[in-house]
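Below, each chain spelled out in residue letters.
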Amino acid sequence: MLALTYTVFPLIAVLVGAIVAVLRPPGPALSSAIQHLAAGVVFAAAAAEILPQVVHGGSPAATLIGGAAGVVAMLSLKTLEERFEGPLGMLGAVGTDILIDGLVLGLAFIAGAKAGLLLTIALTLEILFLGVTVTEELGATVRSKIKIVAITGGLGLLLPLGVVLATPVASFPLAVIDGFLSFGLIALLYLVTEELLVEAHAKPDSPLISAMFFVGFLGLLLLEELMG
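Residues numbered from 1 in each chain as written. Predicted model: local features only at pLDDT ≥ 70, side-chain atom pairs only at ≥ 80, totals over all residues. Heavy atoms only, no water.

Enquirer: I tried to follow the overall build of the chain on my own but got confused; where do I start?
Expert: A tally of helices and strands in the chain yields 10 helices and zero strands. Counted from the first residue to the last, the chain has its helices and strands arranged as α-α-α-α-α-α-α-α-α-α. Compactness check: the chain gives a C-alpha radius of gyration of 17 Å against a globular reference of 17 Å for 228 residues, within 12% of the reference. Oriented by its inertia axes, the alpha-carbon framework of the chain measures out at about 50 × 35 × 30 Å. Counting across all 228 residues of the chain, residues that qualify as buried make up 46%. (Helix = DSSP H or I, 4+ residues; strand = E, 2+ residues; numbered from the N terminus. Rg over C-alpha atoms; globule rule 2.2 N^0.38 Å. Buried < 20%, exposed > 50% of the residue type's maximum accessible area, 1.4 Å probe, protein only.)

Right under this line is the structure:
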């Protein structure tokens, strides 16, 4: 399956992020820049590939139901993050986030190979950031660097699991597929607005760092046009 093959890139990214973070953690400014860049890329992938599929799906009911399910799922994830503190709560929230990312990636490949490829690029940047974040959080309680990298890499394996869960959707009626794509669209928008940008703005900011959002957005749009 093509989608599963492409998950190797986010998996490598999460390991790279974890290894870099245990050896030399990035400063707040660099972290913020990466988050802005990832947010721009994810937003462009959602707007250029997933949104048109939903709009032209021709099923308002499926869009509403799928979108509403996406809102409930992402707000439930937000509640989970706020309710459970400490390493276990953080790992649970991040693991759920990565699983949903895998589900959305699988749905993107159902929409088309180009949509899947562009979203792979976007999620690779996001997973890289998550690898750094998880490593920094675990560093406060776990002394073994090897164990930290292993735990972070293990979380990354939830991404291909999410892709596998999305696989049966391809055989569903078109209206049902539209509903799932609407769910995926909401999940991506939540990722940009409530996670990446919120975390980025909690760190030192500057016009140059903020501009990285638009660098990511325009870069992915240009890549899509070059791909035809």
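So, next bit.
Enquirer: Teacher, can you tell me more about a nonpolar patch on the surface here?
Expert: A cluster of nonpolar side chains, Val8, Phe9, Ile12, Val16 and Val20, forms an exposed patch at the surface whose accessible area comes to about 410 Å². Here Val8 lies in helix α2 (residues 8–23). (Patch = residues over 30% accessible without salt bridge, like charges linked within 9 Å, V, L, I, M, F, W, Y side chains within 5 Å. Areas by Shrake-Rupley, 256 points an atom, 1.4 Å probe, with all protein chains shown as cover. Salt bridge = Lys/Arg side-chain N within 4 Å of Asp/Glu carboxyl O.)

Enquirer: Even after reading the chapter, I still don't get the packing of aromatic side chains, so can you show me in this structure?
Expert: For any pair of aromatic rings, the description rests on two quantities: the centre-to-centre distance and the angle between the ring planes. Enumeration over the complete set of coordinates arrives at six aromatic pairs. With a centroid separation of 6.1 Å and an interplanar angle of 40°, the aromatic rings of Phe172 and Phe180 are classed as tilted. Phe180 sits in the partly exposed class, given a relative accessible area of 29%. (Phe/Tyr/Trp six-rings, centres within 6.5 Å; stacked < 30°, edge-to-face > 60°.)

Enquirer: Mind showing me how you'd approach the environment of Ala170 here?
Expert: With respect to the helices and strands, the residue Ala170 is situated in the loop between α8 (158–166) and α9 (174–201). Between the alpha carbons of Ala170 and Leu107 there is a distance of 8.1 Å; along the sequence they are 63 residues apart. Contacts of Ala170, omitting those with residues within four sequence positions, involve Ile110 and Ile177. (Contact = heavy atoms within 4.5 Å.)

Enquirer: Looking at this structure, I do not really get the pattern of salt bridges. What am I missing?
Expert: Pairing of side chains with opposite charge becomes possible as their charged atoms draw close. A complete count under the given rule lists two salt bridges for this structure. Here Lys114 ties to Glu224 by a salt bridge, and the two come within 4.0 Å at their closest N and O atoms. Of this pair, Lys114 sits in helix α6 (residues 113–138) while Glu224 sits in helix α10 (residues 207–227), and the two are 110 residues apart along the sequence. Residue classification places Lys114 among the partly exposed residues on the basis of a relative accessible area of 27%.

Enquirer: What is the right way to read the side chain of Glu195 from this model?
Expert: With respect to the helices and strands, Glu195 occurs in helix α9. In this structure, Glu195 is buried with no salt-bridge partner, the nearest side chain bearing the opposite charge being Lys78 at 8.2 Å. Beyond its immediate stretch of four places on either side in the chain, Glu195 contacts Leu77, Glu81, Asp97 and Tyr190. (Lys, Arg positive; Asp, Glu negative; His and termini not counted.)

Enquirer: Explanation requested: the packing of helix α7 (residues 145–156) against α8 in the structure shown.
Expert: Axis angle and axis distance: for two packed helices, these are the angle between their axes and the distance between the axes, and together they describe the pair. Interhelical geometry of α7 versus α8 gives an angle of 10° and a closest axis separation of 4 Å. Between α7 and α8, the crossing angle belongs to the class labelled roughly parallel. Facing Gly154, Leu155 and Gly156 of α7, the residues of α8 in contact are Leu158, Leu159 and Pro160. Looking at the contact of α7 with α8, its residues break down into four nonpolar, two polar and no charged. (Axes fitted to C-alpha atoms, helices over the stretch in contact; angles between N-to-C directions. Parallel < 35°, antiparallel > 145°, perpendicular 65-115°, else oblique. Nonpolar A, V, L, I, M, F, W, Y, C, P; charged D, E, K, R; others polar.)

Enquirer: In this structure, what is going on with helix α4 (residues 60–83)? I would like to understand it.
Expert: Working note: α-helix, 3.6 residues per turn, so residues spaced by three or four point in the same direction. The first and last C-alpha atoms of α4 sit 34 Å apart over 24 residues, in line with the 34 Å expected at 1.5 Å per residue. Residues of α4 that are buried include every one of Ala62, Gly66, Gly67, Gly70, Met74 and Leu77, and no others. (Expected span 1.5 Å × (residues − 1).)

Enquirer: Explain α2 here, please?
Expert: Its 16 residues place the ends of α2 23 Å apart at the C-alpha level, agreeing with the 22 Å of an ideal helix rising 1.5 Å per residue. Burial in α2 covers these residues: Pro10, Leu11, Ala13, Val14, Gly17, Ala18, Ala21 and Val22. Buried residues of α2 fall within an arc of 160° about the axis and therefore sit on the same side. At its buried positions, α2 is contacted by α1 (2–6), α6, α7 and α8. (Arc of directions from axis to C-beta.)

Enquirer: Would you mind going over the environment of Met74 with me for this structure?
Expert: With respect to the helices and strands, the residue Met74 is situated in helix α4. With 138 residues separating them in the primary sequence, Met74 and Met212 have C-alpha atoms 25 Å apart. Among residues more than four places away in sequence, those in contact with Met74 are Ile100, Ile186, Ala187 and Tyr190.

Enquirer: Which parts of the structure should I look at to understand the environment of Val42?
Expert: Note on placement: Val42 falls in helix α3 (residues 28–55). Placed 120 residues apart in sequence, Val42 and Gly162 show a C-alpha to C-alpha distance of 18 Å. If we ignore the near neighbours within four places in the chain, the residues touching Val42 are Ala122, Leu188, Leu191, Val192 and Leu196.

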